[in-house]
Amino acid sequence: MFKLNYRPSIPIYRQLETKDCGPTCLRMVLSYYGKSYTLNTIRQACRVNRDGSTFLGLKVAAEKFGMNAICVKLHYNDLFNADIWPAIIHWKTNHFVVLKKLTNDEAVIIDPAQGKVKISRSEFLEHWNAVEEKGYALILEPDADLEQLNQEEQEAQTNVSFWKLLGYLKKHKSLILQLLIGLVASSILELSLPFLSKLLIDKGIKLKEVNVIYLVLIGQVVVFASKSFIEFVRSWILLFVSVRVNLNILVSFFIKLLNLPLSFFETRKQGDVMQRVNDHTRIENFLTSNTLTTVFSCFNICVLSIILFHFSSLLFLIFAGSSILYVGWVFLFFNKRRQIDQKRFEVNSSVQSKIVQLIEGFQDIKISNSADQKRWEWESLIVKEFKVRVKGLTYNQYQQAGSLIITEMRNIGITFVAAFMTLRGEISLGSLFAIQFIVGQLIAPIESLIFFLQSYQDTKMSLERLNEIHDIQDEQPETATKVKIDQLIGDISIQNLQFSYPGFENKAVFNGLSLVIPKGKITAIVGLSGSGKTTLLKLLLKLYDPTGGIIHIGKEKLNDLDVGQWRNLCGTVLQDGFIFSDTIAKNIALGFEEINEERLHDAIKMANIGDFVYNLPKGIETEIGIGANGISQGQRQRLLIARAVYKNPELLLFDEATNALDSNNEQTIMNNLRDFFDNRTVVIVAHRLSTIKNADQIFVMEYGKILESGNHDTLMNNKGPYFNLINNQLEKIK
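In this text, all values refer to a predicted model and were calculated from it rather than measured experimentally. (Residues numbered from 1 in each chain as written. Predicted model: local features only at pLDDT ≥ 70, side-chain atom pairs only at ≥ 80, totals over all residues. Heavy atoms only, no water.)

### Focus on the pattern of salt bridges
Pairs can form between side chains of opposite charge once their charged atoms are near each other.
Reasoning step 1: One pass over the structure, following the stated rule, counts 17 salt bridges.
Reasoning step 2: In this structure, Arg375 and Asp372 form a salt bridge, with 3.4 Å as the shortest nitrogen-oxygen distance. Residue Arg375 and its partner Asp372 are located together in helix H15 (residues 371-423), separated by 3 residues, close to a single helical turn.
Reasoning step 3: Here Arg375 falls in the partly exposed class, since its relative accessible area comes to 36%. (Salt bridge = Lys/Arg side-chain N within 4 Å of Asp/Glu carboxyl O. Helix = DSSP H or I, 4+ residues; strand = E, 2+ residues; numbered from the N terminus. Buried < 20%, exposed > 50% of the residue type's maximum accessible area, 1.4 Å probe, protein only.)

Structure, rendered in structure tokens:
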């Protein structure tokens, strides 16, 4: 008989973004039943989009991972009597939490944003959005096959750990060794100061030994000069190491980022990615400045504590006890710091995304006269950011106030105890000054250690966010089987294609689409907006992966082909093609390290953009603003056509490539391309008759289905959907 060993408690995971609450809750429940998956794996199963997840998405994902899941509307008492915890419940209309325990009077929930929270029955019902004490819950129980599923190989994780981060320092181990030697030398020099102070008072002043006073003075000058020199050298070495470590970490991050599938960027705000870049600054500071300084601080604490214990064990115990109390007080605020840091990340992400939108959409803001509206939206985000900062400052002040009280009480206590010990003759006056000096010197290392622990927490949170990136499977994993391809090896055959965008509320774009694109022929695809034409081209480019069906290139499956080599065979003009802030030449020869001048000028001629390019002061070396600012839509499209032609591809994919051009320019370009299309496979998505009428075959699509196919003459004679589309177009022209 199958029996599940329940865990004593529910593992608590924190959401990394606002929209991750649902997948994070499901991750906690799955871990409770002994199933470990990365957040990204669960997110994909829930089909999370920019708006987050739904109960339906959580239910389908839970069933995929071997759970029985049912979404029900229950009365509070029924939920209590059923004893079906842990369950996922809908919270505050736009959030999910895990219900851990329920009684007649109170409930214990695990909020992925705040952790474990105990609330009263009335609060629970209010946040549960209960009507007549009834609300929605997702009930989860293990399937009978769970034991077998648990024995399977669990999700492989590629987390970046602290030990892996330390590997960045190994490359500079000789410099790190020099830093450590410098820190030890500086510590030893500093440790001589209390003994010099004791010598000055007990021998120089008390016995009126002028030579001793001079000797102590010279010693202090030597210590100061040596420490200054060591600090100067240490700063330069630290700068050298930190810059290179930061560069290595960022390069690794961007390599991973650029290997991710397009779906990652389409389900996240731009600010999210930008904030993760900022997280690297935390990590770099932790690895270089904070970690090395803490090594120095720990060494000082150990040595100074031994010296303090040598002078007085009682004073050492007072100092140690108060320091433990100080550290404990700071630890009390760690959980709040984490919550505030997460909120700060989310708000800053929204602020950065809004700024990017304001800059990119400035023209439309002006045209629609919506500057005030957009400014108010930005101001509301700034207010949220301010509130988060104020909350963080408030807790920081509480922490600092308590720390200050503990520190001052410690100093006052040690001063009085040491003074009484001096009066009783247990220690000398010089020892009193030395003890005061030692206690003063111990304060900085203790605070440095506290700062290190806070920095460790910040870095850990940054690593969690970065690990979310590293856990995502690359567009083409290194371990994947790659079929090398250097030419188009046959027809493109699409069989029973199925695809839908993330989010269970999105309808399927394709549900069983089948068609053949013959090699060396021109295929046109027409249809109303929203028919799936652009999506089909992106699937052919492997920017998306189908959810079902298969695409063959000749006899090979598209999924088995080397992605880079496949795209090298494709010349593409998409509606949202991007123009970079670079020269015209580099924008056309995108992806090529060396530019072939002859091919470049041929591409410019074929795209009929020579009259624009060659009349510029710098010609092809003219720099264009980011996003093609400063040039017309027609010029932008012609640059994209030139880019596609320059690649000299075997497969051309044109998505409304000439819809921004006047009829003369379009006719010239199509005439120029006619010879170029010979013996190449061409797929054209267009509405204009002049663009598609010469195609070898035309597919008419509607809502992801093929309504009819054939050449222009055949379809016109059929007087079907294609005939109606063309007639409507001609009527508009008239």
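Once you've had a look at it, read on.
### Quick look at the sheet that holds strand S7 (residues 492-499)
Reasoning step 1: Ordered in space as S8-S7-S10-S11, the 4 strands form an open sheet in which the pairing is antiparallel. Of all strands in the sheet, those with a lone pairing partner are strand S8 (510-517) and strand S11 (556-557), marking the two edges.
Reasoning step 2: Pairing between S7 and strand S10 (residues 548-553): 5 bridges, direction antiparallel. Bridge assignment links Ile492 to a residue of S10, and that residue is Ile553. (Pairing = 2+ DSSP bridges.)

### With respect to the environment of Lys343
Reasoning step 1: By the secondary structure assignment, Lys343 is in helix H13 (residues 334-360).
Reasoning step 2: Using a relative accessible area of 33% as the deciding quantity, one classes Lys343 as partly exposed.
Reasoning step 3: Separated by 326 residues in the primary sequence, Lys343 and Glu17 place their C-alpha atoms 8.9 Å from one another.
Reasoning step 4: Residues contacting Lys343, with those up to four places away along its chain left out, are Val388 and Lys391. (Contact = heavy atoms within 4.5 Å.)

### So, the pairing of strand S9 (residues 522-527)
Reasoning step 1: For S9, the buried fraction is high: 6 of the 6 residues fall into the buried class.
Reasoning step 2: The two faces of S9 match: Ile522, Ala524 and Val526 on one face and Thr523, Ile525 and Gly527 on the other face are all buried.
Reasoning step 3: One ladder, built from 4 bridges, connects S9 with strand S14 (residues 681-685); its direction is parallel. The residue bridging Thr523 from the neighbouring strand is Val683, located in S14.
Reasoning step 4: Note that S9 and strand S15 (residues 697-702) share 5 bridges and pair parallel. If you follow Val526 over to S15, its bridge partner there is Val700.

### Observations concerning the domain arrangement of the chain
Reasoning step 1: Annotation of the chain at the domain level lists domain 1 (20-142), domain 2 (162-471) and domain 3 (492-732).
Reasoning step 2: The gap between the C-alpha centroids of domain 2 and domain 3 is 55 Å. (Domains from an automatic or database assignment.)

### Structural notes on the sheet that holds S9
Reasoning step 1: What the 6 strands build is an open sheet, ordered S12-S13-S14-S9-S15-S16; its pairing is mixed. Since the sheet does not close on itself, it has two edges, and those belong to strand S12 (570-573) and strand S16 (705-710), each with one partner. Averaged over all adjacent pairs, the angle separating strand axes in this sheet is 15 degrees, with direction ignored.
Reasoning step 2: Sheet analysis places S12 next to strand S13 (residues 651-655), joined by 4 bridges and oriented parallel. From the neighbouring strand, Cys570 faces S13, where its bridge partner is Leu651.
Reasoning step 3: Where helix H17 (residues 533-540) meets the sheet, its contacts fall on S9, S13, S14 and S15, and the angle it forms with S13 comes to roughly 150 degrees.
Reasoning step 4: Along the sheet, helix H22 (residues 633-646) contacts S12 and S13; its crossing angle with S12, the most-contacted strand, is approximately 175 degrees. (Axes fitted to C-alpha atoms, helices over the stretch in contact; angles between N-to-C directions.)

### Details of the packing of H13 against helix H16 (residues 429-471)
Reasoning step 1: Interhelical geometry of H13 versus H16 gives an angle of 45 degrees and a closest axis separation of 11 Å. Between H13 and H16, the crossing angle belongs to the class labelled oblique. Helix-helix and strand crossings are classified by hand; for H13 and H16 the assignment is right-handed. Judged by residue contacts, Phe334, Asn335, Arg337, Arg338, Asp341, Gln342 and Phe345 of H13 engage Leu453, Gln454, Gln457, Asp458, Met461, Glu464 and Arg465 from H16.
Reasoning step 2: Class assignment of the residues belonging to the contact of H13 with H16 gives a composition of 4 nonpolar, 4 polar and 6 charged. (Parallel < 35°, antiparallel > 145°, perpendicular 65-115°, else oblique. Left-handed = near helix turned anticlockwise from the far one by under 90°. Nonpolar A, V, L, I, M, F, W, Y, C, P; charged D, E, K, R; others polar.)

### Looking at unusual backbone geometry
Reasoning step 1: Its identity is not glycine, yet Asn496 carries a phi of approximately 55 degrees, on the positive side.
Reasoning step 2: With respect to the helices and strands, Asn496 occurs in strand S7.
Reasoning step 3: Although it is not a glycine, Tyr703 sits at a positive phi angle of roughly 50 degrees.
Reasoning step 4: With a relative accessible area of 64%, Tyr703 lands in the exposed category.

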